[in-house]
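Chain by chain, the residues:
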Amino acid sequence: KNSEQTINWYLLSGGHKLSESSEPVTIGSESDLLNPNLVQLSYGDAEVNEADKILKEVELTVNTNHTAYPELTVIAMVNSQNSSLTDSHKFKVGYCTEHQVGLQLSTLKSQPRGKVDMTVESDEGSLCGL
């Protein structure tokens, strides 16, 4: 109670560390109202009275890119005195590419040997295959 802790978090994908950061968390004298559907983590002595426990909600903002596909693992760690709490959660990440590529067709339907104009746009240095 009434202390400041640091939560360290790491982002991993495909066995590679993408990023890491830390956030200070102030633990007050009262628990946060937590969403009962969220995973709750705790550390410390298992003998601690329920009335003495403080639950704190921490929101992490994670920025990712194409390297996180297809799965991102978030590892969170808190150290306090002689105790450590570590937990991880995996999240599915939708497919995206490193480069932004635009494709436009002059028509959605065409007959064999019909004329269709195709325009491909990309940033300088993007790799595109047609």
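Residues numbered from 1 in each chain as written. Predicted model: local features only at pLDDT ≥ 70, side-chain atom pairs only at ≥ 80, totals over all residues. Heavy atoms only, no water.

Colleague: Explain unusual backbone geometry to me, and be specific about the residues and the numbers.
Modeller: Negative phi values dominate among residues other than glycine, just as trans dominates among peptide bonds. A cis amide bond links Tyr-69 with the next residue in sequence, Pro-70, at an omega value of 5°. Inspection of the secondary structure assignment puts Pro-70 in the loop between β2 (16-27) and β3 (71-80). Phi angles above zero are rare outside glycine, and Arg-113 is one such case at about 65°. In this fold, Arg-113 is placed in the loop between β5 (101-105) and β6 (118-122). A relative accessible area of 89% places Arg-113 in the exposed class. (Helix = DSSP H or I, 4+ residues; strand = E, 2+ residues; numbered from the N terminus. Buried < 20%, exposed > 50% of the residue type's maximum accessible area, 1.4 Å probe, protein only.)

Colleague: How would you explain the pattern of salt bridges if you had to name every residue and give the values?
Modeller: What the rule picks out here adds up to three salt bridges. Of the charged contacts in the structure, one is a salt bridge between Lys-17 and Glu-20, with a shortest N-O distance of 2.4 Å. Between Lys-90 and Glu-71 there is a salt bridge, with the nearest N and O atoms lying 3.8 Å from each other. With Lys-90 in strand β4 (residues 83-92) and Glu-71 in strand β3, this pair connects stretches of sequence that are 19 residues apart. Overall, Glu-71 belongs to the partly exposed group, its relative accessible area being 26%. (Salt bridge = Lys/Arg side-chain N within 4 Å of Asp/Glu carboxyl O.)

Honestly, it's all geometry; don't read function into it.
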